[in-house]
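# Analysis of the macromolecular model
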Amino acid sequence: MKKYSKLIIAAIVALIFIGTFVFLWQKSQPKEVVYNEFTPKMENIQKTTIITGKIEPRNEVNVKPQISGIITELLKEPGQYVQQGEVIAKVKVIPDMGQLSSAEMRVRLAEINLKQAQIDFQREENLYNQKLVSADEYDKSKQALNQAKHEKAAAEDALQVVRDGVSKSNASASSTLVRSTISGVILDIPVKVGNSVILSNTFNDGTTIASVANMNDLIFRGNIDETEVGQLVSGMPMKITIGALQDLKFEANLEYISPKAVESNGANQFEIKAAVKLAEGSNIRSGYSANAEIVLAKADKVLSVPESAIEFSGDSTFVYVIKDDGKKKEYTRTQVETGLSDGVNIEIKKGITAKDKVRGPEVVKDDKEK
């Protein structure tokens, strides 16, 4: 029994040894290298670039109050359309105490001057009726009385404007009514009822009551790298894609290229703007992220091969032309003149024809296929 056990163990060891030897022998055998093969084709090649940016209205206006005060009423909401001159909000004036005091003093002085002018006119009128003064002096006293009346009216109007923000004489053009300066859609109203607002002056920009824009005149704004900006020309067509709207696409025309670069993440970028051609019924909102595809160069109906088949050596380019006699394949290294590339295919200007077949990169088999 022990003798048979030793024979079985010896047989197993021998099988393992033989299997290992065969495996190592197979591994040491040279494998046939298989390459991809390509036939040159006539194709249209375009070199394009993608520019990231956003959609925004060409003209967006910030509507600001003409006086300082408190918002008492908001008559519009974001998203509504307003006509030029339409009231958006109402402001209650908080008068400046210094201006109020000056306006009140002006009214009191105007009243004093008016009373004195009335007394002087009555005196001149009595003397004129008695033919003791000339008509010229009488007319001057009458003119002085009229001027005093107008001065009082103007002083009272000024007091009302300082105190209430509006006077009886200009109620229709009241500065307490904040009106839209253009026709368009209200994009934002950053204030609420009760907020204090200030008018624009040399010391501050003033409080924005609403942002209004014409949403029928939109532009694409983005940045392009300095390595590509030299290939752009005003008027070039672009394709705008808005990913948030299920890949909605629009046509656009490049209309502005910034003459000055700005640094972004260590690279120089140039701002561009393009006029967007909206389709009828499109509902585009301001601030949508978008991509613009622009063709920098193109070559129509040219001979091309995959760029992976090209060998770059210094300033020269080569391909390996396949010669197959049915028994063995031979690869002839041939210099070619290349042209435009789109990153996948490259134009061949000289060196091979459409009848040739060229070698591509080595076919890499998956481990499972092995």
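In this text, all values refer to a predicted model and were calculated from it rather than measured experimentally. (Residues numbered from 1 in each chain as written. Predicted model: local features only at pLDDT ≥ 70, side-chain atom pairs only at ≥ 80, totals over all residues. Heavy atoms only, no water.)

Let's shift gears to the overall build of the protein chain. Assigned secondary structure in the protein chain consists of four helices and 20 strands. Taking all contacts inside the protein chain whose residues are at least 6 apart in sequence as the whole, residues at least 24 apart take part in 72%. Per element, the accessible surface of the protein chain, about 24400 Å² overall, is 50% carbon and sulfur. (Helix = DSSP H or I, 4+ residues; strand = E, 2+ residues; numbered from the N terminus. Contact = heavy atoms within 4.5 Å. Areas by Shrake-Rupley, 256 points an atom, 1.4 Å probe, with all protein chains shown as cover.)

Glancing now at the sheet that holds strand β3 (residues 60-63). An order of β3-β10-β8-β5 is seen for the four strands of this open sheet, with the pairing classed as antiparallel. Edge positions in the sheet fall to β3 and β5 (81-82), since each has one partner strand and no second. Here β5 pairs with strand β8 (residues 184-188) via two bridges, running antiparallel. Within the sheet, the bridge partner assigned to Tyr-81 lies in β8 and is Val-185. (Pairing = 2+ DSSP bridges.)

Soluble globular proteins: nonpolar side chains tend toward being buried together. Counting 26 residues, the largest nonpolar core has Ile-55, Phe-220, Leu-232 and Met-238 as the members making the most contacts within it. Those residues in contact with Met-238, other than ones at most four positions away along the chain, are Ile-51, Phe-220, Phe-250, Glu-251, Ala-252, Leu-254, Ile-272, Ala-274, Ala-292, Glu-293 and Ile-294. Counting residues in hydrophobic clusters, the runner-up holds 16 residues, among them Val-63, Val-82, Ile-186 and Ile-189. (Core = buried A, V, L, I, M, F, W, Y, C linked by side-chain atoms within 4.5 Å. Buried < 20%, exposed > 50% of the residue type's maximum accessible area, 1.4 Å probe, protein only.)

Here we take up the side chain of Glu-124. Here Glu-124 lies in helix α2 (residues 97-129). Despite its burial, Glu-124 pairs with no opposite charge, the nearest such side chain being Arg-123 at 6.1 Å. Discounting chain neighbours no more than four positions away, the residues touching Glu-124 are Val-133, Glu-137, Tyr-138 and Ser-141. (Lys, Arg positive; Asp, Glu negative; His and termini not counted. Salt bridge = Lys/Arg side-chain N within 4 Å of Asp/Glu carboxyl O.)

The next point concerns the side chain of Thr-317. Mapped onto the secondary structure, Thr-317 falls in strand β17 (residues 316-324). A polar contact is formed between the side chain of Thr-317 and the backbone oxygen of Val-336, at a distance of 2.7 Å. Leaving out residues up to four positions away in the same chain, Thr-317 has contacts with Ile-310, Glu-311, Phe-312, Thr-334, Gln-335, Val-336 and Thr-338. (Polar contact = N/O pair within 3.5 Å; in protein donor to acceptor, adjacent residues only side chain to side chain.)

Here we take up the packing of aromatic side chains. Across all of its chains, the model carries one aromatic pair by this definition. Taking the centre distance of 5.6 Å and the plane angle of 35° together, the rings of Phe-121 and Tyr-138 count as tilted. Taken together, the positions of Phe-121 in helix α2 and Tyr-138 in helix α3 (residues 135-164) put the pair 17 residues apart, joining distant regions of the chain. The exposure class assigned to Tyr-138 is buried, which follows from its relative accessible area of 15%. Over the aromatic face of Tyr-256 sits the side chain of Lys-273, whose NZ or CZ is 5.1 Å from the ring centroid. (Phe/Tyr/Trp six-rings, centres within 6.5 Å; stacked < 30°, edge-to-face > 60°. Lys NZ or Arg CZ within 6 Å of the ring centre and 35° of its normal.)

It is worth spelling out the pattern of salt bridges at this point. Side-chain pairing between opposite charges can occur once the charged atoms of the two side chains come close. Going through the model one piece at a time under the given rule, you end up with 11 salt bridges. One salt bridge in this structure joins Glu-56 and Arg-221, with 2.5 Å as the shortest N-O distance. Remark: Arg-221 occurs in strand β11 (residues 218-225) and Glu-56 occurs in strand β2 (residues 41-57); sequence separation between them is 165 residues. Look at Glu-56 and you get buried, because its relative accessible area is 13%. Judged by relative accessible area, which is 25%, Arg-221 ranks as partly exposed. Here Glu-73 and Lys-90 are joined by a salt bridge, their closest N and O atoms 3.7 Å apart. Here Glu-73, found in strand β4 (residues 69-74), pairs with Lys-90, found in strand β6 (residues 87-93); they are 17 residues apart in sequence, far enough to count as distant. Owing to a relative accessible area of 34%, Glu-73 belongs among the partly exposed residues under this scheme.

Looking now at the sheet that holds β4. Think of a sheet as strands paired side by side through backbone hydrogen bonds, with each pair either parallel or antiparallel. As summarised here, the arrangement of the four strands in space is β7-β6-β4-β9, forming an open sheet in which the pairing is antiparallel. In this open sheet, the two edge strands, each paired with only one partner strand, are β7 (177-179) and β9 (196-197).

A regular strand places its side chains so that they alternate between the two faces of the sheet. As paired elements, β2 and β11 share five bridges and run antiparallel to each other. Bridged to Gly-53 within β11 is Gly-222.

Let us look at a nonpolar patch on the surface. A cluster of nonpolar residues, Ile-8, Ile-12 and Ile-16, forms a patch on the protein surface that exposes about 300 Å² of accessible area. We classify Ile-8 as exposed; its relative accessible area is 54%. (Patch = residues over 30% accessible without salt bridge, like charges linked within 9 Å, V, L, I, M, F, W, Y side chains within 5 Å.)

Tracing the backbone shows Asp-120 in helix α2. Taking the relative accessible area as the measure of exposure, Asp-120 reaches 29% and is therefore partly exposed. For the pair Asp-120 and Lys-142, spaced 22 residues apart in the sequence, the C-alpha separation amounts to 8.9 Å.

Its identity as a non-glycine residue notwithstanding, Asn-265 has a phi of 55°, on the positive side. Looking at Asn-265, the relative accessible area reads 81%, which means it is exposed. Positive phi is not limited to glycine here, since Lys-301 has a value of about 50°.

So, on to the environment of Thr-338. Within the secondary structure, Thr-338 is located in strand β18 (residues 329-341). Separated by 34 residues in the primary sequence, Thr-338 and Ser-304 place their C-alpha atoms 8.8 Å from one another. Setting aside anything within four residues of it in sequence, one finds Thr-338 in contact with Ile-310, Thr-317, Ile-346, Glu-347, Ile-348 and Lys-349.

So yeah, pure geometry; function would need other evidence.
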